[in-house]
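# Inside the fold
Now for the letters of each chain:
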Amino acid sequence: MAAPIDHALLPETATVADDGGLLVGGVRLTDLADTYGTPLFVYDEAHLRARCREAVAAFPGGVYYATKAFLCGAMARLAHEEGMRLDVASGGELGLALRAGVPAADLLLHGNNKSTEELREALAAGVGRIVVDSFDEIDRLEGLVADGLRRPAALVRVTPGVEAHTHDYVSTGQEDSKFGFGLRDGAAERAVARLRAPGSPVDLVGLHVHIGSQIFRTDSFARAMEVIAPFVRSCGLPELNIGGGLGVAYVEGETTERIPAWGARVAEACRALGIDATVSAEPGRVIAASAAVTLYTVGTVKDIPGVRTYVAVDGGMIDNPRPALYGSEYEAFLPRAVGADRPRAVRVVGKHCESGDVLLHEAAVPADLAVGDVLATPVTGAYGFAMGSNYNRMPRPAVVFVADGRARLVVRRETDADLLRTDALLGDG
Ligand SMILES: *Cc1c(COP(=O)(O)O)cnc(C)c1O
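All values reported here derive from a predicted model rather than from experimental measurement.

### Let's talk about the packing of helix 2 (residues 45–58) against helix 3 (residues 73–81)
Axis separation between helix 2 and helix 3 bottoms out at 9 Å; the angle between their running directions is 45 degrees. In terms of axis orientation, helix 2 runs oblique to helix 3. In the crossing of helix 2 with helix 3, the sense of the turn from one axis to the other is right-handed. Between helix 2 and helix 3, the residues in contact are Glu 45, Leu 48, Arg 49 and Cys 52 and Met 75, Leu 78, Ala 79 and Glu 81, respectively. Residue classes in the contact of helix 2 with helix 3 are distributed as five nonpolar, no polar and three charged.

Here it is as structure tokens:
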């Protein structure tokens, strides 16, 4: 019998009621499905706060929550309340963070193609750091500062020619990336020289390097730091931001290192490499991913004898595009019976007109799974809601935060009116 879902994949406050139902933050998941409908993202607020606090402790030089992983007003506030600054990568993310009340000084702006308008907004607001990504961006910054906008503090994004993935670390030997300034071709050195020269449009305070995402081993960060150390030492700038990328376990059997070990490994590498800059980081996934589960309702079960069984739910690639985009894997369970064995192999699909609309290629589910059941997928808190779309003109799901026996709606479900709003013929635009 395939085992029940591993509790290590569930949010930290998950508990099991006497009747076998799952509670998160003291709230029963099946009750949340009844109250708010499905699909529904449920975030464990205590879990989010615990990860933010770990990050703040692990990087005393400052740590930025990478908002692209999951952003709404409540999330921006929560991360900032817990002592994180925010990494934003567009005018939209910047605007939301400011509206949520995060001081501009606590924001860092990324982007390989920041528009003049985005840069103007950032400078006018007084963002704490701009991560400069290209020579064209330097031109634009010069223009804005000449127009009288305030010179921002800035980091130079360096592309080190190494990439880290889940299990491996690849030295690509070249900087084939749309991001940043290459190390080997001398672009990084030229950018630093230009931004330090008299008349520079920024106050250059440091370097930035981001080596990838869903990285399981903190050694990968240490090895990337070895590659950039000579350049970091030669620049002698006071700050180094090592980006984000620490991974999380999505399925049973995966093990990752945790935030405290990441901070310790990076600090140790700095000591060993003679890097005395203040080190900051930008975690996204590791803050938000495991904090959430998505609740769906099973609508149809189609058995094709000798082939497979398809279990179709009321969401799909618009609330979790990662399986379709990256072949990412997930687990599933029934919140009404979280301790049930899962002997049945099925494919969980969504309701979009696309064969690639798969949520779980090989899901293990309980034998009695039936139409009408609420089905949950854990570890959906990062790059799910944030990457969502309205394909097939379906509304984006609602998001709730749960804590201390209470749920609060932080993003309401979209309505038909929301979907029509920008339609010039049918909407109010
Ligand atoms: C995506 C990204 C992050 C966050 O990555 P995670 O894998 O979610 O931690 C941080 N910094 C930069 C520059 C990024 O592009």
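### Regarding the packing of aromatic side chains
Evaluated as defined, the whole model comprises nine aromatic pairs. With a centroid separation of 6.4 Å and an interplanar angle of 50 degrees, the aromatic rings of Phe 70 and Phe 401 are classed as tilted. Residue Phe 70 is located in the loop between strand 5 (64–66) and helix 3, and its partner Phe 401 is located in strand 21 (residues 398–403); the two are separated by 331 residues in the primary sequence. Here the aromatic rings of Phe 221 and Trp 262 are separated by 5.3 Å at their centres, their planes lie at 55 degrees, and the arrangement is tilted. With Phe 221 in helix 8 (residues 219–235) and Trp 262 in helix 9 (residues 259–273), this pair connects stretches of sequence that are 41 residues apart.

### Side note on the pairing of strand 22 (residues 406–411)
Two elements, strand 21 and strand 22, share five bridges in a ladder whose sense is antiparallel. Residue pairing across strands places Phe 401 opposite Arg 408, the latter belonging to strand 22. Where strand 21 folds back onto strand 22 in an antiparallel hairpin, the turn is made up of two residues, including Asp 404, whose phi is positive at roughly 50 degrees.

### Remarks on the site of the ligand
Neighbouring the ligand are 15 residues, the closest being Lys 68, Ser 213, Glu 282, Arg 285 and Tyr 383. In the model, a nitrogen atom of the ligand is placed 3.5 Å from a nitrogen or oxygen of the His 210 side chain. Within the side chain of Ser 213, one N or O atom sits 2.4 Å away from an oxygen atom of the ligand. A total of 390 Å² of accessible area belongs to the ligand in isolation, and the protein chains cover 92% of it. Partitioned by chemical class, the residues of the shell around the ligand number three nonpolar, seven polar and five charged.

### Things to note about the domain arrangement of the protein
Splitting the protein by domain gives domain 1 (7–44 + 290–420) and domain 2 (45–288). Distance between the C-alpha centres of domain 1 and domain 2: 32 Å. Every contact between the two is made by 27 residues of domain 1 and, on the other side, 22 residues of domain 2. Of the roughly 2,200 Å² buried between domain 1 and domain 2, counting both surfaces, carbon and sulfur atoms make up 58%. Interface area lost by domain 1 to domain 2 is led by Glu 12, Tyr 383 and Phe 401, which between them contribute 26%. If you look at where domain 1 meets domain 2, you find three salt bridges. We note a salt bridge from Arg 51 to Glu 12, for which the minimum N-O separation is 2.7 Å. Here domain 1 is connected to domain 2 by 13 residue pairs in polar contact (both at pLDDT 80 or more). Elements that contribute at least two residues to the side of domain 1 that touches domain 2 include exactly strand 4 (40–44), strand 21 and strand 22. Of the residues forming the side of domain 1 that touches domain 2, the biggest block, four residues, is contributed by strand 21.

### Notes on the side chain of Ser 280
Along the chain, Ser 280 falls in strand 15 (residues 278–280). Within the local environment of Ser 280, its side chain forms a polar contact with the side chain of Asn 241, the two groups lying 3.4 Å apart. Leaving out residues up to four positions away in the same chain, Ser 280 has contacts with Phe 59, Gly 61, Gly 62, Tyr 64, Leu 240, Asn 241 and Ile 242.

### Quick word on the sheet that holds strand 3 (residues 27–28)
Here we have three strands laid out as an open sheet, ordered 1-2-3, and antiparallel in their pairing. Strands at the two margins of the open sheet, each flanked by one partner only, are strand 1 (15–16) and strand 3. For strand 2 (residues 22–24) and strand 3, the ladder comprises two bridges, and the chain directions are antiparallel. The residue bridging Leu 23 from the neighbouring strand is Arg 28, located in strand 3.

Criteria and thresholds
Residues numbered from 1 in each chain as written. Predicted model: local features only at pLDDT ≥ 70, side-chain atom pairs only at ≥ 80, totals over all residues. Heavy atoms only, no water. Axes fitted to C-alpha atoms, helices over the stretch in contact; angles between N-to-C directions. Helix = DSSP H or I, 4+ residues; strand = E, 2+ residues; numbered from the N terminus. Parallel < 35°, antiparallel > 145°, perpendicular 65-115°, else oblique. Left-handed = near helix turned anticlockwise from the far one by under 90°. Contact = heavy atoms within 4.5 Å. Nonpolar A, V, L, I, M, F, W, Y, C, P; charged D, E, K, R; others polar. Phe/Tyr/Trp six-rings, centres within 6.5 Å; stacked < 30°, edge-to-face > 60°. Pairing = 2+ DSSP bridges. Near = heavy atom within 4 Å. Polar contact = N/O pair within 3.5 Å; in protein donor to acceptor, adjacent residues only side chain to side chain. Areas by Shrake-Rupley, 256 points an atom, 1.4 Å probe, with all protein chains shown as cover. Domains from an automatic or database assignment. Buried area = accessible area lost by both parts, 1.4 Å probe. Salt bridge = Lys/Arg side-chain N within 4 Å of Asp/Glu carboxyl O.

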